[in-house]
Amino acid sequence: MYQSTRTPAEIVSFEHALLQGLAPDGGLYVPLEIPKLPSNWKEASTIAELGFSVLQTWLKDEISSNELKDICEDALNFTVPVVPLAENSVTGKDTYVLELIHGPTLSFKDFGARTMARLMGHFLKKSGKKLTILVATSGDTGSAVADGFSGQEHIDVVLLYPKGMVSPIQEWQLITARKGVRAFAVEGTFDDCQRMVKEAFVAPDLAHLPLSSANSINIGRLLPQSLYYLWAYKTLGLNEEVVFCTPSGNLGNVTGGIFAREGGLPVHQFVVGHNANNFYPKYLADGTIDYQATIPTLSNAMDVGVPSNFERLQKLFSLSELQERFKGYSISDAETLAAMKQVHEETGYVACPHTAVGFKAVEAYRKETQNQMPTVILSTAHPAKFPEVVSQSLHQPAPTADALERLKNLPTQVETIAPTLDALKEFLL
Ligand SMILES: *Cc1c(COP(=O)(O)O)cnc(C)c1O
């Protein structure tokens, strides 16, 4: 059962929350209760098996176990390595990289997008309805969603991304022509894109359209994002408490982690590494709520001035409960570049700039708290997606990835629009 962050009295099913995306009152759906992990969760031998056993506790009343098993096997069909990072002067010792970068679009967003697409496809097939997915992206969401939904009947996708504010490769991934997908380059920031999506959902003259979202405002992306935290813990064979570090923007990834923790995973704390867009670290420090315009940075998938999942976290926890669970750090571009270089020099590991923000946040956390627990840093994108930043930092060419090389020969499709709801409406109507 789920409720909106804004109208708690209205209780809806998972199917409803998933297909609706944003609640009609403009709020986000949150679970009334976070289920406990199944007792045998550590017995799974693949992430798909783990997904099946854990998602059943959330979804068993709405999807048969055979159907859920098929969805998990089809969606979670790539590897999720947990790589020990050699001792180094940034992250210290006993640190691991949880590589979430081996899906088809090479970012952690593949987990949520692929699973959500199949869950939506399942419910739509049953009801015979159609949906248009409206998605604002700061880079990786759009390509994960476009790829994840391709081949799903009953679903069209409309992508909005901030023109000139995603990397050339990210843009290439977004505008690759795909069946049922239209891409728009918005003359504005990511927050403009996100606002346009939110406005479209509550616009009375669009109320007749079957619109839904695939941003981390959709609860359907958050549940699968709890799985790899469990997978990391299980793979490391640990029994003690751990620290996770999640490079963050909209706080969707780490909200998945919170679901795992509240379900029973022994997480001491989540370290959230933000770039110069430091809303959440400031909030955690003293409760200040200070929304700022987005600042462009090198870790651009985290360039978010107003993190959408903050509303969820605030609904689920008080300030002091959040302060118990999270430590937040804001990392500058200069620190990010230096961390990429230093870790590479000392260990040979090549990280994307988002993951490097995580490295630096772990350094700050350990310095401040003296915490030496095993620490798992989530690697959120493949370094091959950011060749400019990687070569700027390492003074050598970035690694390549086959999945990206293949794209370069495919046809593209994109239109430029103004950052207003009216401009979007013209297309949607
Ligand atoms: C989306 C993204 C993030 C931020 O994740 P949130 O769920 O918005 O906190 C971090 N790194 C990369 C590479 C991303 O694509």
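In this text, all values refer to a predicted model and were calculated from it rather than measured experimentally.

Caption draft 1: Quick peek at the overall build of the protein chain. Of the regular secondary structure elements, the protein chain holds 18 helices and 14 strands. On C-alpha atoms alone, the protein chain measures out to a radius of gyration of 20 Å, which is about the 22 Å that the 2.2 N^0.38 rule sets for 429 residues. Reported as C-alpha extents along the three principal axes, the dimensions of the protein chain are approximately 55 × 45 × 45 Å. In the protein chain, which comprises 429 residues, the proportion classed as buried is 60%. Nonlocal contacts in the protein chain, meaning residues at least 24 apart in sequence, comprise 76% of its contacts between residues at least 6 apart.

Caption draft 2: Broad picture of the pairing of strand β11 (residues 267-274). The element β11 is extensively covered by neighbouring structure, given that seven of its eight residues are classed as buried. Bridge count for strand β10 (residues 242-247) against β11 is six bridges, and the pairing is parallel. The residue of β11 that forms the bridge with Val242 is Val267. For the segment spanning β10, helix α10 (residues 252-263) and β11, crossover handedness is right-handed. Bridge count between β11 and strand β12 (residues 326-330): five bridges; the pairing is parallel. Paired with Val271 across the bridge in β12 is Lys327.

Caption draft 3: Main features of the site of the ligand. Neighbouring the ligand are 15 residues; Lys109, Asp140, Gly249, Asn250 and Asn253 lie closest to it. Asp140 places a polar side-chain atom, nitrogen or oxygen, 2.5 Å from an oxygen atom of the ligand. In the environment of the ligand, an oxygen atom lies 2.8 Å from a nitrogen or oxygen atom belonging to the backbone of Asn253. Within the complex, the protein chains bury 98% of what would otherwise be the 380 Å² of accessible surface of the ligand. More than half of the atoms of the ligand fall within 2 Å of the grid points belonging to the largest cavity. Class assignment for the residues of the shell around the ligand results in six nonpolar, seven polar and two charged.

Caption draft 4: A look at the packing of helix α2 (residues 47-59) against helix α3 (residues 65-75). It is at 9 Å that the axes of α2 and α3 come closest, and there the two elements cross at 135°. With respect to α3, the axis of α2 lies oblique. Between α2 and α3 lies a crossing of right-handed hand. For the pair formed by α2 and α3, the contact residues are Ala48, Gly51, Phe52, Leu55, Gln56 and Leu59 on the first element and Ser65, Leu68, Lys69, Cys72 and Glu73 on the second. A per-class count over the contact of α2 with α3 returns six nonpolar, three polar and two charged.

Caption draft 5: Summary view of helix α16 (residues 387-394). Residues of α16 that are buried: Val389, Val390, Ser393 and Leu394. Buried positions in α16, seen along its axis, are confined to an arc of 110° and lie on one side of it. His395, located one to two residues past α16, shows a positive phi value of around 55°.

Caption draft 6: Looking closely at the sheet that holds strand β1 (residues 2-4). Read from one edge of the open sheet, three strands run β2-β1-β3, paired in antiparallel fashion. A strand with exactly one partner marks an edge of an open sheet, and here the two such strands are β2 (11-12) and β3 (29-31). Pairing of β1 with β2, which is carried by two bridges, proceeds in the antiparallel orientation. Note that in β2 the partner of Tyr2 across the bridge is Val12.

Caption draft 7: The arrangement of a nonpolar patch on the surface in detail. Where nonpolar side chains cluster on the molecular surface, the patch consists of Met1, Ile11 and Leu32 and spans about 310 Å² of accessible area. Within the fold, Met1 resides in the segment before β1.

Caption draft 8: Representation of a negative patch on the surface within the structure. A cluster of acidic residues, Glu49, Glu67, Asp70 and Glu73, forms a negative patch at the surface. Examining the composition of the negative patch, we find that three residues originate from one element, α3, more than from any other. Mapping Asp70 onto the fold places it in helix α3.

What counts as what
- In this convention, every chain numbers its residues from 1, walking through the sequence in written order.
- Local features in this predicted model are restricted to residues of pLDDT 70 or higher, and side-chain atom pairs are both shown and tallied only at a pLDDT of 80 or more, whereas totals for entire chains, interfaces and linings draw on every residue.
- Hydrogens and water are ignored here; the side-chain numbers use all heavy atoms of the structure.
- Elements are defined by DSSP. Helices are runs of H or I of four residues or more, strands are runs of E of two residues or more, and each kind is numbered from the N terminus.
- For a compact globule the rule gives 2.2 Å times the number of residues to the power 0.38, and the radius of gyration it is set against comes from C-alpha atoms.
- Any residue under 20% of the maximum accessible area for its type is buried, any over 50% is exposed, and the rest in between are partly exposed; the area is computed with a 1.4 Å probe on protein chains only.
- The contact definition used throughout considers only heavy atoms, calling two residues in contact when any of these lie within 4.5 Å.
- Here a strand pair is declared whenever DSSP counts at least two bridges between the two strands.
- If the strands point away from the viewer and the path from the first strand over the helix to the second runs clockwise, then the crossover is right-handed.
- Any residue with a non-hydrogen atom lying within 4 Å of a molecule or strand is treated as near it.
- Any pair of nitrogen or oxygen atoms within 3.5 Å is treated as a polar contact; in protein, a donor-acceptor pairing is required on top of that, and neighbouring residues in sequence qualify only through side-chain atoms on both sides.
- Residue burial considers only the protein chains on display, and all accessible areas are found by Shrake-Rupley using a 1.4 Å probe.
- Think of a 1 Å grid over the protein atoms and nothing else: a 1.4 Å probe that fits but is trapped marks a cavity, an open set flanked by protein within 12 Å on at least five of seven lines marks a pocket, and residues with an atom within 4 Å of a point count as lining.
- In this description, a molecule resides in a pocket or cavity if more than half of its atoms sit within 2 Å of the grid points defining it.
- Residues are grouped as follows: Ala, Val, Leu, Ile, Met, Phe, Trp, Tyr, Cys and Pro are nonpolar; Asp, Glu, Lys and Arg are charged; all remaining types, including Gly, are polar.
- Here the axes come from fitting lines to C-alpha atoms, over the contacting stretch only for helices, and the angles between their N-to-C directions go from 0 to 180 degrees.
- Roughly parallel means an angle under 35 degrees; roughly antiparallel means over 145; roughly perpendicular covers 65 to 115; every other angle is labelled oblique.
- Crossing chirality is assigned from the near helix's rotation relative to the far helix, an anticlockwise turn below a right angle marking it left-handed and a clockwise turn marking it right-handed.
- Each C-beta atom gives one direction from the helix axis, and the arc is the one those directions make.
- For patch building, the residue pool is restricted to those with more than 30% relative accessible area and no salt bridge; the joining distance is 9 Å between like charges and 5 Å between nonpolar side chains (Val, Leu, Ile, Met, Phe, Trp, Tyr).
- The term salt bridge refers to a pairing of a side-chain nitrogen on Lys or Arg with a carboxyl oxygen on Asp or Glu at a separation within 4 Å.
- For the purpose of charge, His is not counted, nor are the chain termini; Lys and Arg are scored as positive and Asp and Glu as negative.
- The atoms used to mark charge sites are NZ of Lys, CZ of Arg, CG of Asp and CD of Glu.

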